[in-house]
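Next come the chains, spelled out residue by residue.
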Amino acid sequence: MNEGTKTQPESLAPSPGGMGALKEELITLLPDLRAFSRFLCRERAAADDLLQNTIATALAKQHQFEAGTNLKAWLFTIMRTQFYSDLRSMRRRRDALDSACSDNVVPSPEHRAELMDLTAALWRLNPQYREALILVGAGGFSYEEAAELCGCAVGTMKARVSRARRQLAEAMA
């Protein structure tokens, strides 16, 4: 389609080359985004809503994504911003993590109890430490990427992860 003949907004227009690749890469990142949204929200329905809002925002603002940059970091930033914005407007909801523990992923009651203990210990961490640990430990981000996402120095991110690991180990001992 010729650039001058577009009648739809960019977010709805057929994807010429680069934007199609962006959408394909976005699809491959859905499991990571879903896992992060589940971690942030602690309940399946809210996590699915956050994921849907993140994807909708990313597609609506795909023209703002700079080709050659880290799409995963861009999407995680959108999700993180959306999550904290929702928290400010609705106040933080405290629901149990029952849905995550009831997926029959854990084969025995002993493992289930350990997972619940780990979950409880993780949620007792300072929110900044918890976020740092999840981004670096579970999200696969480098310290540099995680620091950029959180808007802090790399040294601060390393310190947060270190403290989170130490506090979690102490809580689980």
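The following refers to the structure shown. (Residues numbered from 1 in each chain as written. Predicted model: local features only at pLDDT ≥ 70, side-chain atom pairs only at ≥ 80, totals over all residues. Heavy atoms only, no water.)

A few words now on the packing of aromatic side chains. The tally for this structure, following the rule as stated, stands at five aromatic pairs. The interplanar angle of 20° and the centroid separation of 5.5 Å between the aromatic rings of phenylalanine 39 and tryptophan 123 together place this pair among those described as stacked. Of this pair, phenylalanine 39 sits in helix 2 (residues 30-41) while tryptophan 123 sits in helix 6 (residues 109-124), and the two are 84 residues apart along the sequence. Accessibility classification places phenylalanine 39 together with tryptophan 123 in one group, the buried group. Both rings, one in phenylalanine 83 and one in tyrosine 84, keep their centres 5.2 Å apart while their planes meet at 70°; by these two values the pair is edge-to-face. For phenylalanine 83, a relative accessible area of 10% translates into the label buried. On the basis of relative accessibility, which here comes to 25%, the residue tyrosine 84 falls in the partly exposed class. Ring pairing ties together the aromatic residues Phe36, Phe76 and Phe141, which thus form one cluster. In this structure, arginine 42 is placed above the aromatic ring of tryptophan 123, and the distance from its NZ or CZ to the ring centre is 4.1 Å. Lying across the ring of phenylalanine 141, lysine 72 places its NZ or CZ 5.2 Å from the centre. (Phe/Tyr/Trp six-rings, centres within 6.5 Å; stacked < 30°, edge-to-face > 60°. Helix = DSSP H or I, 4+ residues; strand = E, 2+ residues; numbered from the N terminus. Buried < 20%, exposed > 50% of the residue type's maximum accessible area, 1.4 Å probe, protein only. Lys NZ or Arg CZ within 6 Å of the ring centre and 35° of its normal.)

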